Structures are given as structure tokens and as C-alpha cells.
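Each chain, written out:
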Amino acid sequence: MNDPRVAELLEFVRIPSVSAQSEHAGDMERCADWLVSKLLRMGLDVRKEKTPGNPVVLGKTARDPAKKTVLIYGHYDVQPPEPLELWTTPPFDPEIRDGRVYGRGASDNKGQILAHILGVEEALSEGPLPVNVIFLIEGEEEVGSAHLAEFMEKHRAELACDAIAISDTGMAAEGHPTLSYALRGIAAMEVRVYGPSHDLHSGIYGGAVANPATAAARLIASLHDSTGRVAIDGFYDAVQPMQDWERIAATESPLSDAAIAEQAGVTELFGESGYSAVERIGARPTAEINGIGSGYQGEGSKTVLPAEATFKITFRLVANQKPETILALARQHFEKLCPPGIRLEIMDGHGGEPFFLNPRGSQGAAACRALESVFGKKPALTREGGSIPILADFEKILGHTALLLALASPDCRAHSPNENFPVENFLTGIRLNKALLRELAG
Ligand code: BES
Ligand code: ZN
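Residues numbered from 1 in each chain as written. Chains lettered and ligands numbered in written order. Predicted model: local features only at pLDDT ≥ 70, side-chain atom pairs only at ≥ 80, totals over all residues. Heavy atoms only, no water.

Those donors, Asp 108 (OD), Glu 142 (OE), Glu 142 (OE) and His 415 (NE2), are the protein atoms that reach the zinc ion (ligand 2), and they lie 1.9 to 2.6 Å from it. Between consecutive donor residues of the zinc ion (ligand 2), the sequence gaps follow D-x33-E-x272-H. Of this pair, Glu 142 sits in the loop between strand E6 (132-138) and helix H4 (148-154) while His 415 sits in the loop between strand E17 (403-404) and strand E18 (420-422), and the two are 273 residues apart along the sequence. His 415 gets classed as partly exposed once you look at its relative accessible area, which sits at 40%. (Donors = N, O, S within 2.8 Å, 3.2 Å for Na, K, Ca; no water. Helix = DSSP H or I, 4+ residues; strand = E, 2+ residues; numbered from the N terminus. Buried < 20%, exposed > 50% of the residue type's maximum accessible area, 1.4 Å probe, protein only.)

Take a look at the structure:
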């Protein structure tokens, strides 16, 4: 493949911009610099702005006051690539196989944001843009976007716009145009479970001292009932039920339960009864354990009663659940169940509110027209399970609900080994950007 556009994507993916791992601090700067020089070469007015975390890249086309302004958001940070041994080719040495670019960040979000950048580049080479464009590209989305809201407050006037466009979600089916009109919110928590002052011989003390690993397992198990519903008191109190048209849209989703099971590599799906898998993922809140650690994990056996255990949870939220409320309810739940001889330390993590766009509004309709014109099919309207924490702040600070035009393949393996992005989606994304700018100009 010697398309220079694809070569640029490979170059972008080659930078290991892992925001969760401090050893990559230099790579975060390098990745922001890569974007700065790309946008500079396109003739944009570009700045790399410091934040207390990773830098934000801001790029603007020359502002014509007679034209509308579209802000395009994306992120250059990626998730940790581990476990490395499960990658067919190294995560930061991208390769094209079967028409897909394989590498960490290929679809989440480097391929998708680069499609927008290259769309603007092509449009600029064809003549004046139909709108003014602002690129806002951050380096902390995968760790909760902790510093972006403050940045937006500070630069509110400069970021003023008429619409916000994002491609950071998944298509309902391969090649099927998709407008993601709802995303779940998120609330993260880490629980440390302490017992004895040091690891003990499990024969000398076992039976007389509470085991933190057992306590952690009981706390984790207490999160759900046997039907998959979250068993924290008050967890569902604020949940808005799906509207009738949404349940109909969900039945029309090109994504079947069987396809979801196949992508996930399971023979049977599991979840809250009364809802299809598409509904469970998009419209119902959850509690997921993301990591557990305790005791001896090495080869062979070791008779130890560990001094501590830890587990990490994220709750996915739907309208109108609030991250702070859910974290407070979870804390009460764990404290109430904490057994004697065990001490808990509970740390609240990042949070983001659920997102909802009325797809029938004028901007939703413009996005749908752009999708239909490029893909030649009516777009699917989907509710997605993933989260983009800054979306609520876009509404509060910039006054617009974002348009989420999905470009990732349903089988993109975001956050997993062998993440990939079809070259076709990348090239279609470039055309989609141009169509979208035209539609939003009207
Ligand atoms: N691109 C995803 C969000 C996404 C994925 C939305 C799939 C819809 C479908 C984004 O990069 C992401 O992974 N967000 C994190 C946010 C978290 C770390 C605060 C997520 O959802 O886990
Ligand atoms: Zn992600």
C-alpha cells in the first residue's frame, strides 16, 4: 500500500502515546508535536498548549466571520497495549494485513481523527472551505479527560463554534453508516482491601484471620444479582427508561446478538433480562470489574494468606445517572458489607456523564445526510456502550451537542490486542469529513 495518506497513519500509530503509563510522558509530547507539524503543513494556525497533564493540540483554519465554525474533537492518546504476547505484530510497529491497519490506536482514535484532518487537507487543496474548522485534539481521553474542561473554560471564546463533530465510536456493522446518538457515562473506583499487617503463612494463621482476597471476592460478587442486575441500593433510581422509538431502532440495528457474541469470542451472551444485547450495551447501566489483584500469582503454589487485595471497577451510566451519586452509593454498599478484620480504602476515579443527541434535530439530520451521501445507505442510529467523558462539558461550555459519526469497524478490537482499522474506513472517513463540512455549512 503506497498511499501517502496510509503512510501518515502508520507514522502516527508508531508513536506509543500511552496516557496511562508515565514512562510514555516523552511520547505524549512527541505525538502532540507530530500533530502540530501536520496541521502546520496544512497552513492552519496551530498551538500545542500545556495543561497540568498532557498537552492539547489546537489548530484553526483562517476564520471567515461569514461562515459557520465546526469544532472537530479527537484524542491522540491510546490505551496500554498489554498483554503484548497476544499481538500478532507489535502494537507500535503497525502493519497492514487484509486491508486493515493493525496497531494500538489505529481506530481509537488515531485513524478516525486523522481521517478528519486529511479530509480538511483535501478540501483545502480543492478551494476555500465551506466552514471554519477548529481541531481540538487532547492527550488524556483514555484516562478520563481530567484537564480538558478547564482548558475549554479558559479558551471558551476561541473555541466558540456552531457544531461539534467527532469520530471515536464504532459502526453498527461493517460498511454501515452510523450516527451514535447516545453514549454511556462512566464512573471509576479502586478498592483496596487490607487485612493482616504482612503476608502470613496460611497454615499457621488461616482460619483465624480474615483473608483480604476472600473479602474482595465477596465484595465483588455482591455487585450483581444472579440475573446480572446491579445490586447496589438506589443504583437504578435515576435511570430513564428507553423511549418507544429507541426500542424500535434497537430492533432494527444491523448488529445482531450472534454478531456481538462472535466479536466477543463467547458462545453465549449474558446480561440483564428483558433487554437485547444491543440494549444492554447501549441503554442499561453496568458495573464491571476491570482488574483484581491479590496473593501469589507466580508459578506453582505458595501457601500464603495475603495482606491485601485490590480491585478496580468502572460503572457505565445512562441518563440521568450522575457519576458522583453512583460512586457514593457504591462506597456505602462496600462499607456496609465490609467484614470484621478487614479495612477498606476506597478511591474515586474519573467520571463522565452519559450523552444523548436527538438524532432528528437539525444537526443530527445534517450528519445523517452526510453519512448517507458517502455510504449510499441510510445511517443506523445507535446507542453505544463506551464513553467519551468530555461530551457533557461540550454542552455546558460550548453549548453544542456533539455529532458522533462512527468510523471504527464493529470488530476493531479497541483496547484489546490486535486493534485494527480498515483502510477503507479511513479513506471513506476522509470523504465523510468533506461531506459533513458541506452539510454543516448550510
Ligand atoms: N473511543 C472510545 C469510546 C467509545 C468506544 C465509544 C466504543 C463508543 C464505542 C474512547 O476512546 C474510550 O475508550 N473511552 C473510554 C473512556 C474512559 C477511559 C474514561 C471508555 O469508554 O472506556
Ligand atoms: Zn478508547
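Moving on, we get to the packing of helix H10 (residues 362-375) against helix H12 (residues 423-441). Here H10 crosses H12 at 140 degrees, and the two axes come no closer than 8 Å. The angle between H10 and H12 falls in the class oblique. Along this stretch, H10 crosses H12, giving a crossing that reads as right-handed. In this structure, H10 contributes Ala 366, Ala 367, Arg 369, Ala 370, Leu 371, Ser 373, Val 374 and Phe 375 to the contact, and H12 contributes Thr 428, Arg 431, Leu 432, Ala 435, Leu 436, Glu 439 and Leu 440. Among the residues making up the contact of H10 with H12, the classes are represented as 10 nonpolar, two polar and three charged. (Axes fitted to C-alpha atoms, helices over the stretch in contact; angles between N-to-C directions. Parallel < 35°, antiparallel > 145°, perpendicular 65-115°, else oblique. Left-handed = near helix turned anticlockwise from the far one by under 90°. Contact = heavy atoms within 4.5 Å. Nonpolar A, V, L, I, M, F, W, Y, C, P; charged D, E, K, R; others polar.)

The terminal C-alpha atoms of helix H9 (residues 323-337), which comprises 15 residues, lie 21 Å apart, in line with the 21 Å expected from a rise of 1.5 Å per residue. The elements touched by buried residues of H9 are strand E9 (185-194), helix H5 (212-221), strand E13 (308-317) and strand E14 (343-352). (Expected span 1.5 Å × (residues − 1).)

Moving on to the pattern of salt bridges. What the rule picks out here adds up to 31 salt bridges. Here Lys 434 and Glu 122 are joined by a salt bridge, their closest N and O atoms 3.2 Å apart. Of this pair, Lys 434 sits in helix H12 while Glu 122 is found in helix H3 (residues 106-126), placing the two residues 312 residues apart along the sequence. In this structure, the salt-bridge partner of Arg 247 is Glu 279, at a minimum N-O distance of 2.7 Å. Taken as a pair, Arg 247 in helix H6 (residues 244-251) and Glu 279 in helix H8 (residues 277-283) lie far apart in primary sequence, 32 residues in all. What makes Glu 279 buried here is its relative accessible area of 5%. (Salt bridge = Lys/Arg side-chain N within 4 Å of Asp/Glu carboxyl O.)

Within the open sheet, the six strands sit side by side as E1-E2-E6-E3-E7-E17. Their pairing is mixed. For this open sheet the edge positions go to strand E1 (45-49) and E17, each flanked by a neighbour on one side alone. Along the sheet, helix H2 (residues 25-41) makes contact with E1, strand E2 (56-60) and E6, crossing E1 at roughly 170 degrees. Contacts from H3 reach strand E3 (69-75) and E6, with the element oriented near 150 degrees to E3. (Pairing = 2+ DSSP bridges.)

Residue Pro 83 is bonded to the preceding Glu 82 through a cis peptide linkage, with omega at 0 degrees. Within the secondary structure, Pro 83 sits in the loop between E3 and strand E4 (95-97). Each neighbour pair has its own omega, and for Asp 108 with Asn 109 the value is 10 degrees, a cis peptide bond. Tracing the sequence through the fold places Asn 109 in helix H3. A positive phi angle is found at His 415, which is not glycine, with a value near 70 degrees. Even without glycine at this site, Asn 418 takes up a positive phi of about 65 degrees. Here Asn 418 is to be found in the loop between E17 and E18.

Under the criterion given, the structure shown has eight aromatic pairs. Here the aromatic rings of Phe 12 and Trp 34 are separated by 4.5 Å at their centres, their planes lie at 10 degrees, and the arrangement is stacked. Of this pair, Phe 12 sits in helix H1 (residues 4-13) while Trp 34 sits in helix H2, placing them 22 residues apart in sequence. The exposure class assigned to Phe 12 is buried, which follows from its relative accessible area of 0%. Where Phe 235 meets Tyr 236, the ring centres are 5.2 Å apart and the plane angle is 85 degrees; that geometry is what we call edge-to-face. With respect to burial, Phe 235 and Tyr 236 carry one shared label: buried. (Phe/Tyr/Trp six-rings, centres within 6.5 Å; stacked < 30°, edge-to-face > 60°.)

This brings us to the sheet that holds E4. Strand order in this open sheet of three strands is E4-E5-E18, and the pairing throughout is antiparallel. Edge positions in the sheet fall to E4 and E18, since each of these pairs with one other strand and no more. Ignoring which end each strand starts from, the neighbouring axes of this sheet average 30 degrees apart. Across the sheet, H1 lies against E4, strand E5 (100-102) and E18, angled at about 20 degrees from E5, the strand it touches most. Running at roughly 60 degrees to E18, H12 makes contact with E4, E5 and E18 of the sheet.

As a matter of local geometry, ligand 1 sits amid 16 residues, with Glu 141, Asp 168, Arg 316, Ser 387 and His 415 nearest to it. Asp 168 is positioned with one of its side-chain polar atoms (N or O) 2.7 Å from a nitrogen atom of ligand 1. A distance of 2.7 Å is found between an oxygen atom of ligand 1 and a side-chain nitrogen or oxygen belonging to Arg 316. (Near = heavy atom within 4 Å. Polar contact = N/O pair within 3.5 Å; in protein donor to acceptor, adjacent residues only side chain to side chain.)

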